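Okay, here's what each chain looks like letter by letter:
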Amino acid sequence: MPKRIYAKILATADMEVKYKPKVLCSQIWNAVVISMYREHLLSVDHVQKLLYQQVTSDDDGKRTLKPPSFFVAQDDAAFTQEYYPSHSEAERRISFFAQSLSSVLPEPVPVENMPTFTVFTPHYSEKILMSLREIIRESDQYTRVTVLEYLKALHSDEWDNFVKDTKILAEENSANFGQASAYGQALAQDADKAEAKLKTDDLPFYTIGFKSAAPEFTLRTRIWASLRSQTLYRTISGFMNYAKAIKLLYRVENPEMVHLFGGNGSERLEQELERMARRKFKFVVAMQRFLKFNKDEREASDFLLRTYPDLQISYLEEIPSTEEGGLPRIYSCLIDGHSEVGPDGRRKPYYRIQLPGNPILGDGKSDNQNHSIIFTRGEYLQLIDANQDNYLEECIKIRNILGEFEEYNPPTVSPYSPAAEPQPTPVAIVGAREFIFSENVGILGDVAA
């Protein structure tokens, strides 16, 4: 797999040979593994077995990279270590990523030369972010199972990883405020009582994911559930991985640039990576009902903009006519997380374009996209519904996907000239394989997808 990552994911044809393939591949692979850990798909033990790690060489005492035994274990049945939970989402994603690298992929170009593109999603009334009430209450009068309990049963390993992460965060918070942790208090008692107290104290974590009702803890549970349900937040968090992928590829393939801007972690480097990501990728969500949202929807959309400031939201604004019986004026507006917030709490739009009339004529979804298309930028559009997801390891293949369109060696003779040779029809649409995550929601989610 490392050889395939180097040959197919990285733009190695334009790179200098002095950089070792192992060093470049390790950064890509480690970023993929860490992204799965942050999504609570992998435990700390699994991550340690999957990461490239720096070790001291026995020969000259220098630091060297040790590849994970996972790469060897795939070809050797003698390895019995568990690298991820069996039949888990992590196993599915890693397996698909490895298999996809064995297929024919167009050669990537350097990040600076790649085409620009926009991800475009229409939204009407789809759930943006699940509220705490929706998660922990019974969904209807005929069942005694809450949404959270159902998701915990479906994703038990991921819930355990989430709880462990939350407990560490809670311990750190207790230490910061000078409070004795439950573990520290328990040590002062005898072993049996200590264990019983720890289990009792941990019960809220395993039941609802938090012990304190502070917003930062309840929000974590809401996000965990939303990322495993059919929500707009899941779609946006998935496809905003394009920005992370572009920054990762740009940093890995340009070590001189990293050194020039002060090395990894420097503010100047982060600014340069952000500049490149914004130049190559945009995400526009056409929220038709944005100004008619209820309180929960407004809070959820504001949370989206605070989490992803570069996310752009287009919406329709309707101004009643000043003349009796006159038609209202309708404007197409665009905001993002950097927009100025007015005295009324609403963000001031960058663009406010008057339309000749109501753009919603027949099919609401496509009409909603049509009025927003003026805000998209780049050579290509990726049209995504509000029930789809994406992952970092798939996003790093974006240059290969866009390579399906690109003509890197265009003909020198005008296609309209009599001397021009017949050319094949250019590729206009590229379809991608989809994984239907709503199949576990029930027969309706399976059939509708």
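J.: Honestly, the overall build of the protein chain in this entry has me stumped. Any pointers?
T.: Check the secondary structure of the protein chain and you find 20 helices and eight strands. The buried share among the 449 residues of the protein chain stands at 43%. For the protein chain, the proportion of contacts with a sequence separation of at least 24, taken over those separated by at least 6, is 68%.

J.: Looking at this structure, how should I read unusual backbone geometry?
T.: Among all residues except glycine, the phi angle is most often negative; among peptide bonds, the trans geometry is most common. One non-glycine residue, His 40, lies in positive phi territory at about 65°. Structurally, the position occupied by His 40 is in the loop between α2 (21–38) and α3 (44–50). The backbone of His 87 shows a phi angle near 55°, a positive value even though the residue is not glycine. Mapped onto the secondary structure, His 87 falls in the loop between α4 (70–73) and α5 (89–100).

J.: Sorry if this is basic, but what is going on with the confidence of the model for the protein chain here?
T.: When pLDDT is low, close inspection of the predicted coordinates is not appropriate. In the predicted model, the protein chain carries a mean pLDDT of 84, and 85% of its residues have values of at least 70. Looking across the protein chain, the model is least confident in helix α9 (residues 182–187), with a mean pLDDT of 48, and most confident in strand β4 (residues 281–287), with 95. Here residues 180–184 scores under 50 on pLDDT; set against residues more than four positions off or in separate chains, the count is seven contacts.

J.: What exactly am I supposed to notice about the nonpolar core here?
T.: Nonpolar side chains in soluble globular proteins tend to be buried together. Formed by 81 residues in total, the largest nonpolar core has its most connected members in Trp 29, Phe 117, Ile 236, Phe 281, Phe 283, Met 287 and Ile 396. Considering every element that reaches this core, the biggest residue donor is helix α13 (residues 241–253), with eight residues. Excluding its chain neighbours within four sequence positions, the residues that come into contact with Trp 29 are Met 1, Ile 5, Leu 50, Tyr 52, Pro 68, Phe 70, Phe 71 and Ile 94. Core analysis: the second largest hydrophobic core is formed by nine residues, Ile 135, Phe 162, Trp 224 and Ala 225 among them.

J.: Even after reading the chapter, I still don't get the pattern of salt bridges, so can you show me in this structure?
T.: Between side chains of opposite charge, a pair can form when the charged atoms approach closely. The final tally for this structure, using the stated rule, is 21 salt bridges. In this structure, Arg 278 and Asp 310 form a salt bridge, with 3.1 Å as the shortest nitrogen-oxygen distance. With Arg 278 in helix α15 (residues 267–280) and Asp 310 in the loop between α16 (295–307) and β5 (312–319), this pair connects stretches of sequence that are 32 residues apart. The salt bridge involving Glu 340 is made with Lys 348; its shortest N-O contact spans 3.5 Å. On the basis of relative accessible area, Glu 340 is assigned to the exposed category, the value being 52%. What makes Lys 348 partly exposed here is its relative accessible area of 42%. Here the salt bridges do not stand alone but share partners, grouping Lys 247, Glu 274, Arg 278 and Asp 310 into one network.

J.: What am I meant to see in the sheet that holds strand β8 (residues 380–383) here?
T.: Pairing between the strands of a sheet is mediated by backbone hydrogen bonds and can be parallel or antiparallel. On the basis of which strands lie adjacent, the open sheet formed by six strands has the order β7-β6-β5-β4-β3-β8 and mixed pairing. This sheet does not close on itself; its edge strands, each paired only once, are β7 (351–354) and β8. Averaged over all pairs of adjacent strands, the angle between their axes in this sheet comes to 25°, without regard to strand direction. For β4 and β5, the ladder comprises three bridges, and the chain directions are parallel. Its bridge partner being in β5, Val 285 is matched across the sheet by Ile 313. Its contacts with the sheet place helix α17 (residues 364–372) against β3 (117–123), β4, β5, β6 (329–336) and β8, and it is angled at close to 135° to β3.

J.: When you look at α13 in this model, what are you seeing that I'm missing?
T.: Each α-helix winds once per 3.6 residues, and so residues spaced three or four apart point in a common direction. Its 13 residues give α13 an end-to-end C-alpha distance of 18 Å, which sits within 8% of 18 Å, the value for a rise of 1.5 Å per residue. Burial in α13 covers these residues: Asn 241, Tyr 242, Ala 243, Ala 245, Ile 246, Lys 247, Leu 248, Leu 249, Tyr 250, Val 252 and Glu 253.

J.: I keep staring at the packing of aromatic side chains and nothing clicks. Help me out?
T.: Two measures describe an aromatic ring pair: the distance that separates the ring centres and the angle between the ring planes. Counted according to the given criterion, the structure contains 19 aromatic pairs. Consider the rings of Tyr 233 and Tyr 308, whose centres lie 6.5 Å apart with planes at 45°: the pair is tilted. Taken together, the residues span a long stretch of sequence, with Tyr 233 in helix α12 (residues 232–239) and Tyr 308 in the loop between α16 and β5 at a distance of 75 residues. On the basis of relative accessible area, Tyr 308 is assigned to the buried category, the value being 15%.

What counts, and at which threshold
Residues numbered from 1 in each chain as written. Predicted model: local features only at pLDDT ≥ 70, side-chain atom pairs only at ≥ 80, totals over all residues. Heavy atoms only, no water. Helix = DSSP H or I, 4+ residues; strand = E, 2+ residues; numbered from the N terminus. Buried < 20%, exposed > 50% of the residue type's maximum accessible area, 1.4 Å probe, protein only. Contact = heavy atoms within 4.5 Å. pLDDT = per-residue confidence, 0-100. Core = buried A, V, L, I, M, F, W, Y, C linked by side-chain atoms within 4.5 Å. Salt bridge = Lys/Arg side-chain N within 4 Å of Asp/Glu carboxyl O. Pairing = 2+ DSSP bridges. Axes fitted to C-alpha atoms, helices over the stretch in contact; angles between N-to-C directions. Expected span 1.5 Å × (residues − 1). Phe/Tyr/Trp six-rings, centres within 6.5 Å; stacked < 30°, edge-to-face > 60°.

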